[in-house]
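Close look at the chain arrangement
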Amino acid sequence: DDHHPRENVLKMRRGEALTDADRAPWLLSLHEVLHSELRGGSSGSSVVLACSALKRSYRSLLRDGRPPPQPPPPPSPDSGEGNGGSHPPLHIQFVCLNPPRGEIERRVRTREGHFMPASLVASQVEALELGDDLAAVIGGEGEHRPQSPEETVRRVVDAIHQWLLRRG
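Remember, it's a predicted structure, so these values are computed and weren't measured experimentally.

As a further point, take the side chain of Arg23. Mapped onto the elements, Arg23 comes out in helix α2 (residues 20-40). Buried and unpaired, Arg23 has Asp20 as its nearest opposite-charge partner, separated by 5.4 Å. Not counting residues within four places of it along the chain, the set of residues in contact with Arg23 comprises Asn8, Leu18, Ser52, Leu54, Tyr58 and Gln124.

Overall, the coordinates contain nine salt bridges when judged by the stated rule. Residue Asp20 is joined to Lys55 by a salt bridge in which the shortest nitrogen-to-oxygen separation is 2.9 Å. Note that Asp20 is positioned in helix α2 and Lys55 in the loop between α2 and α3 (56-64), a separation of 35 residues in sequence. Of the residues examined, Lys55 reaches a relative accessible area of 18% and is grouped as buried. As a salt-bridge pair, Asp132 and Arg56 come within 3.0 Å of each other at their nearest N and O atoms. Pair noted here: Asp132 is in the loop between α5 (121-127) and β2 (134-138) and Arg56 is in helix α3, with a separation of 76 residues, a long-range link.

Looking at where Leu164 falls in the secondary structure, it is placed in helix α6 (residues 149-167). For Leu164, a relative accessible area of 39% puts it in the partly exposed group. Sequence separation between Leu164 and Gln93 is 71 residues, and the spatial gap between their C-alpha atoms is 9.2 Å.

Running from N to C, α2 and α3 point in directions that differ by 35°, and their axes come no closer than 8 Å. Crossing geometry of α2 relative to α3 is assigned as right-handed. Contacts between α2 and α3 involve Asp20, Arg23, Ala24, Leu27, Leu28, Leu30, His31 and Leu34 from the first element and Tyr58, Leu61, Leu62, Arg63 and Asp64 from the second. Of the residues assigned to the contact of α2 with α3, the class counts are eight nonpolar, one polar and four charged.

The rules we used
Residues numbered from 1 in each chain as written. Predicted model: local features only at pLDDT ≥ 70, side-chain atom pairs only at ≥ 80, totals over all residues. Heavy atoms only, no water. Helix = DSSP H or I, 4+ residues; strand = E, 2+ residues; numbered from the N terminus. Buried < 20%, exposed > 50% of the residue type's maximum accessible area, 1.4 Å probe, protein only. Lys, Arg positive; Asp, Glu negative; His and termini not counted. Salt bridge = Lys/Arg side-chain N within 4 Å of Asp/Glu carboxyl O. Contact = heavy atoms within 4.5 Å. Axes fitted to C-alpha atoms, helices over the stretch in contact; angles between N-to-C directions. Left-handed = near helix turned anticlockwise from the far one by under 90°. Nonpolar A, V, L, I, M, F, W, Y, C, P; charged D, E, K, R; others polar.

What follows is the structure, encoded as structure tokens:
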């Protein structure tokens, strides 16, 4: 949330859903954070980033640092420039938390001091693209849904561990 341009925060506070163009500077900023942490850290560094990378194009942007196919808006002064794809792709694995919409709305409504209202959950659920670029979908349709935050964390860690084992 700290990496959203001010305009995005104000827009969400007004109950307006972000567009792909609104999200591009935010995602490029997150790519830069990931790149800095992974490339600047010691060999074998790992980073966990939690964000709403709802669409395949958003996940690609996080991985590759290239804007989505549509032209991004001009960068805002506080959003950073992004790298325009100058870095090699990062080795990132995505785990999707996919609880029922009602559960997401309940969690958002009970968050204190956050700028995103529960009314925006519908637009996020509609934007979600599940695909083969995800290592795991936790709480997806037909799957056992975690019963506690601790169980959710365990399942995320297990999914990442399995991915690391497959990577060798």
